[in-house]
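This is what each chain is made of:
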Amino acid sequence: MTTQVQIPPSLPSNGLAGHLLQLTYEPFPLFRRAAEVGDVVTLRALNRKIYFISHPDRIKHVLVTNQKNYQKGRALQATQQVVGQGLLTSEGDFHRMHRHLMQPAFHRRQIAGYADTMVRFTEAHLHRWHSGQQLDLHREMMELTMNIAAETLFGADITARSKELNHALNHLMEDFSFFDATPLGRVLRKLPTVRNLRRKHWLKTLDTAIYDFIKKGQIEERNNLLSMLLAADEGASLTLEQIRDEVMTLFIAGHETTANAIVWTFYLLAQHPEVEAKLWDELEQVLSGRLPTAEDTGRLKYTRMVLSEAMRLYPPAWAVGRNAIEDDEVGGYSIPAGSTVVISQWVMHRHPTYWPDPLTFKPERFDPETAPRRPRYTYFPFGGGGRACIGEAFAWMEGILLIAVLAQRFKFELTSTEPVLPQPGITLRPKNGLPVIIRERQAAYRTSKPDIASVPTERKCFEFGQV
Ligand code: HEM
């Protein structure tokens, strides 16, 4: 007996544009509604069908089991104007070859060697701060992680120019729109408008820095990602432009997401003093006031649980898109060749079927000894399959070390009780940054624990449409 392949249910939409505006400006409520309708649901952007998938087995099918049938989605292709044909956007043999070439820079032993730089740079950054100061933690973390990425991956000290580079990157990120991925958007981007000229200017600033890294890398003997790319160049295969694209990709992908993960972690800690107190206990027990090392990251178990839970609620990569090459069948539904498939970490990480009380910040969900077994693709901040994040181990190392160094010294108080809105752009940034007041914490914390008895432990996290 053969089972019949069905057409997925669709979410009603109005007018010619379909769901285009919601996809561009308010994707989360739209995705959540789709997930309520079924595991595979059809959306529409103009005349293009988009299949939204919200079941862990179906997600595994797209990312892993039948990954050969799926290429990167069109929205990501729009980023090629900045990153070119780098690891994030390239396909097929070209991608496989470049991934193989860069993989050694991300082996655990190599990453352990970056720990010292991560801690040293963080310490130096903290020297600029003082208790009582108000600052935008998002901007600070972007600058710090950018400096770390440049030093560890390319051997480039950019501390003197990181403000300028951050500024340029910020403009490019904020300027990005999923509309640019549409055929009309692509045409409009070529016109000499003020917006397009500005974008060209910011891109040139970044490009100049990237070519400086490469020039310096050609002179100096180092053992880092850039030297691996340059060595391959000597044996043919990588052109200067290809090296530029890979360096630009790693420069951006290697800091922006981790900075966001750390910022959301401190946002949640500021609202949950009971979690913060436990974190502080662990830092005291494991480190007793000294700086953390690569070996400590394995011992800082609660710190890792806190970061895991922060990435559940605020996944820095909040969705992945794919294009189907040939007709496929996913969970009994037909996916025609050429259509777009979208999967969202934001939706799966908050899916009430898999996460009881999904809006509560509870790091214990990730306790390796007590956590229930969950289907693999209910939690996938780093994606999965052959296109999973190459920098995952780097990100864990950096996230845990930076949280440890920062939380040991400072406490971050929010300047407002209003929820900080997540902005779903290329990554999930806090809209308008994260303004905080920093407080030196060691003395006060060593002698007295915070008074957490009066603090509600079930405080819910922000969810679109549920405030
Ligand atoms: C918390 C931090 C990070 C998160 C949440 C994250 C998330 C992701 C996700 C979800 C993907 C897969 C995208 C897809 O399937 O379309 C990805 C790919 C990628 N990430 Fe990360 N990432 C993080 C940190 C890093 C770091 C530190 C680096 C480099 C140092 C990096 C470099 C890359 C690259 C190059 C790819 C493309 C891999 C390929 O297609 O072969 N990421 N990342």
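Going by the structure above, here's the rest.
Parameters at a glance
Residues numbered from 1 in each chain as written. Predicted model: local features only at pLDDT ≥ 70, side-chain atom pairs only at ≥ 80, totals over all residues. Heavy atoms only, no water. Buried < 20%, exposed > 50% of the residue type's maximum accessible area, 1.4 Å probe, protein only. Helix = DSSP H or I, 4+ residues; strand = E, 2+ residues; numbered from the N terminus. Contact = heavy atoms within 4.5 Å. Donors = N, O, S within 2.8 Å, 3.2 Å for Na, K, Ca; no water. Near = heavy atom within 4 Å. Polar contact = N/O pair within 3.5 Å; in protein donor to acceptor, adjacent residues only side chain to side chain. Nonpolar A, V, L, I, M, F, W, Y, C, P; charged D, E, K, R; others polar. Core = buried A, V, L, I, M, F, W, Y, C linked by side-chain atoms within 4.5 Å. Patch = residues over 30% accessible without salt bridge, like charges linked within 9 Å, V, L, I, M, F, W, Y side chains within 5 Å. Areas by Shrake-Rupley, 256 points an atom, 1.4 Å probe, with all protein chains shown as cover. Salt bridge = Lys/Arg side-chain N within 4 Å of Asp/Glu carboxyl O.

**Brief notes about helix α3 (residues 56-65)**
Reasoning step 1: All of the buried residues along α3 are Pro 56, Ile 59, His 61, Val 62 and Leu 63.
Reasoning step 2: Those residues of α3 hidden inside the fold are in contact with β2 (48-53), β3 (70-72), β5 (320-324), β6 (328-330), β8 (340-343) and α19 (345-349).

**Thoughts on the coordination of the iron atom of the ligand**
Reasoning step 1: You will see that the iron atom of the ligand has only one donor from the protein, Cys 389 (SG), lying 2.3 Å away.
Reasoning step 2: Turning to its location among the elements, Cys 389 is positioned in the loop between α19 and α20 (392-409).

**So, the site of the ligand**
Reasoning step 1: In the neighbourhood of the ligand, 28 residues make up the surrounding shell, with His 95, Arg 99, Arg 322, Arg 387 and Cys 389 lying closest.
Reasoning step 2: A distance of 3.0 Å separates an oxygen atom of the ligand from a polar side-chain atom of Lys 72.
Reasoning step 3: Across the shell around the ligand, the residue classes break down as 17 nonpolar, seven polar and four charged.

**Side note on the nonpolar core**
Reasoning step 1: Trp 129, Phe 213, Phe 251 and Tyr 314 are the most contacted members of the largest nonpolar core, which has 139 residues in total.
Reasoning step 2: Ranked by residue count, the leading element in this core is α20, at 13 residues.
Reasoning step 3: Beyond its immediate sequence surroundings of up to four residues, Phe 251 is in contact with Met 146, Ala 150, Phe 154, Ile 158, Leu 165, Leu 206, Ile 210 and Phe 213.

**Examining the environment of Tyr 25**
Reasoning step 1: Note on placement: Tyr 25 falls in helix α1 (residues 20-25).
Reasoning step 2: You can call Tyr 25 exposed: its relative accessible area is 61%.
Reasoning step 3: Residues Tyr 25 and Gln 423, 398 residues apart in the sequence, show an inter-C-alpha distance of 9.2 Å.

**Quick word on a nonpolar patch on the surface**
Reasoning step 1: Where nonpolar side chains cluster on the molecular surface, the patch consists of Leu 184, Leu 188 and Leu 191 and spans about 260 Å² of accessible area.
Reasoning step 2: Positionally, Leu 184 belongs in helix α11 (residues 183-188).

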